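So you can see what is in the structure, the chains are spelled out below.
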Amino acid sequence: MRTFEKVIVSCAVTGAIHTPTMSPYLPVTPEEIAEEAIAAADAGASIVHVHVRDPETGEPTGDLELFRAVCERVADACDVVIQPTTGGALTQSIESRIRVVPELEPEMASCNVGSINFGLYPLVERYEPFEYDWERPYLERTRDFVFTNTFADLETVLPAFAEAETKPELECYDVGHLYNAKAMVERGLLAEPVHIQFVLGIHGGIGADPANLVHLYHVAEDLFGDAYSFSVVGAGRSEFPLTAQAVAMGGHARVGLEDNLYLGPGRLAESNADLVGKLVRIASEQTGRKPATPAEVRAFFDLKGADATAI
Ligand code: KMH
Ligand code: ZN
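Computed from a predicted model, the values in this text were never measured in an experiment. (Residues numbered from 1 in each chain as written. Chains lettered and ligands numbered in written order. Predicted model: local features only at pLDDT ≥ 70, side-chain atom pairs only at ≥ 80, totals over all residues. Heavy atoms only, no water.)

Enquirer: What is the right way to look at the site of ligand 1 in this model?
Expert: With respect to spatial proximity, the complete set of residues near ligand 1 consists of His49, His51, Thr85, Gly87, Gly88, Leu90, Ser110, Asn112, Phe118, Phe147, Tyr173 and Glu258. Within the side chain of glutamate 258, one N or O atom sits 3.0 Å away from an oxygen atom of ligand 1. Within the complex, 98% of the 300 Å² of free accessible area of ligand 1 lies under protein. Classifying every residue of the shell around ligand 1 gives four nonpolar, seven polar and one charged. (Near = heavy atom within 4 Å. Polar contact = N/O pair within 3.5 Å; in protein donor to acceptor, adjacent residues only side chain to side chain. Areas by Shrake-Rupley, 256 points an atom, 1.4 Å probe, with all protein chains shown as cover. Nonpolar A, V, L, I, M, F, W, Y, C, P; charged D, E, K, R; others polar.)

Here it is, written out as structure tokens:
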């Protein structure tokens, strides 16, 4: 693993998993998403992971003008690394999801390297009745849904990242996805060192058990040696146990309302900055690790610089 004494804190501001009924604090409009990203950066995040939503209804969308509105507002306000999603909304095709890379040519973007069942349907009975008509079917359809990222998809997606000089953050939801990533390196479609996001706790992916994070780490060590770094996402209530473990392991961590709505048991997080602040405090108290700055992150990942994007 590539070591870095500071911790790279990412914030996933709104995502495409949670819906407006689940929290009044979920940012929806481009202005809300941008302001939340800026505040998260102020709280210590050096990467902001960006999804966009229909400003009227909060439904996840891949609308490029909304991405541009959010990214421009954030870029005008601070130097945080802006990382749009290519995971997109559950309703989007891979062709639609990837468009944000050639369009905005960001410094980083998420890059999903394997398929999984992506089950949000258990949230229906927990939150109904819903405020908007789209929410229930959006969640319910995941009972029979595969979040698809095939090898053919990767053969299209990875060259698009290379063309835009966008650093892919490899979202891995299970152990097999690590082998997919290695195969892409061996085929010359992906350059090392790679940056891997271990995503645990998605219903359909690897479970959020601490032992699974250790296993993912050992597999990554075997496959990539010193040519990788890792960050961790824990879905829902596993967010802080797993990100705390990641920090103690010398890795990096992502928090945010995309992944988790609660600051603690039964207590809704009132902002992404609240979640970032909690992680920064844990890292500082636990190991003394301080948040990396955006400049340090750019150097660590050899990013092309904010001025080299099309934002
Ligand atoms: N949209 C979710 C299905 C990403 O941002 O790259 C997965 C996701 C991954 O949000
Ligand atoms: Zn995402």
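So much for the structure itself; the text now carries on.
Enquirer: Please explain the sheet that holds strand β11 (residues 228-234) as it appears in this structure.
Expert: Strands belonging to one sheet form pairs held by backbone hydrogen bonds; the direction of such a pair is parallel or antiparallel. A sheet is described by the order of its strands in space; here eight strands give the open sequence β5-β2-β1-β12-β11-β10-β9-β6, paired in parallel fashion. The sheet is open, and its two borders are formed by β5 (81-84) and β6 (108-112), each paired with just one other strand. This sheet shows a mean twist of 25° between the axes of neighbouring strands, independent of strand direction. Running at roughly 150° to strand β9 (residues 167-172), helix α8 (residues 175-186) makes contact with β9 and β10 (194-200) of the sheet. (Pairing = 2+ DSSP bridges. Helix = DSSP H or I, 4+ residues; strand = E, 2+ residues; numbered from the N terminus. Axes fitted to C-alpha atoms, helices over the stretch in contact; angles between N-to-C directions. Contact = heavy atoms within 4.5 Å.)

Enquirer: Would you take a moment to explain the packing of aromatic side chains for this structure?
Expert: When we look at a pair of aromatic rings, we describe it by the centre distance and by the angle of the planes. Overall, the coordinates contain 10 aromatic pairs when judged by the stated rule. Plain terms: the ring middles of tyrosine 228 and phenylalanine 230 are 6.4 Å apart, the flat faces sit at 20° to each other, and that makes the pair stacked. By relative accessible area, which is 0% here, phenylalanine 230 ends up buried. Aromatic rings pair up to connect Phe198, Tyr217, Phe224, Tyr228 and Phe230 into one cluster. Directly above the ring of phenylalanine 300 sits arginine 2, whose terminal nitrogen or CZ lies 3.9 Å from the centroid. In this structure, lysine 278 is placed above the aromatic ring of phenylalanine 240, and the distance from its NZ or CZ to the ring centre is 4.4 Å. (Phe/Tyr/Trp six-rings, centres within 6.5 Å; stacked < 30°, edge-to-face > 60°. Buried < 20%, exposed > 50% of the residue type's maximum accessible area, 1.4 Å probe, protein only. Lys NZ or Arg CZ within 6 Å of the ring centre and 35° of its normal.)

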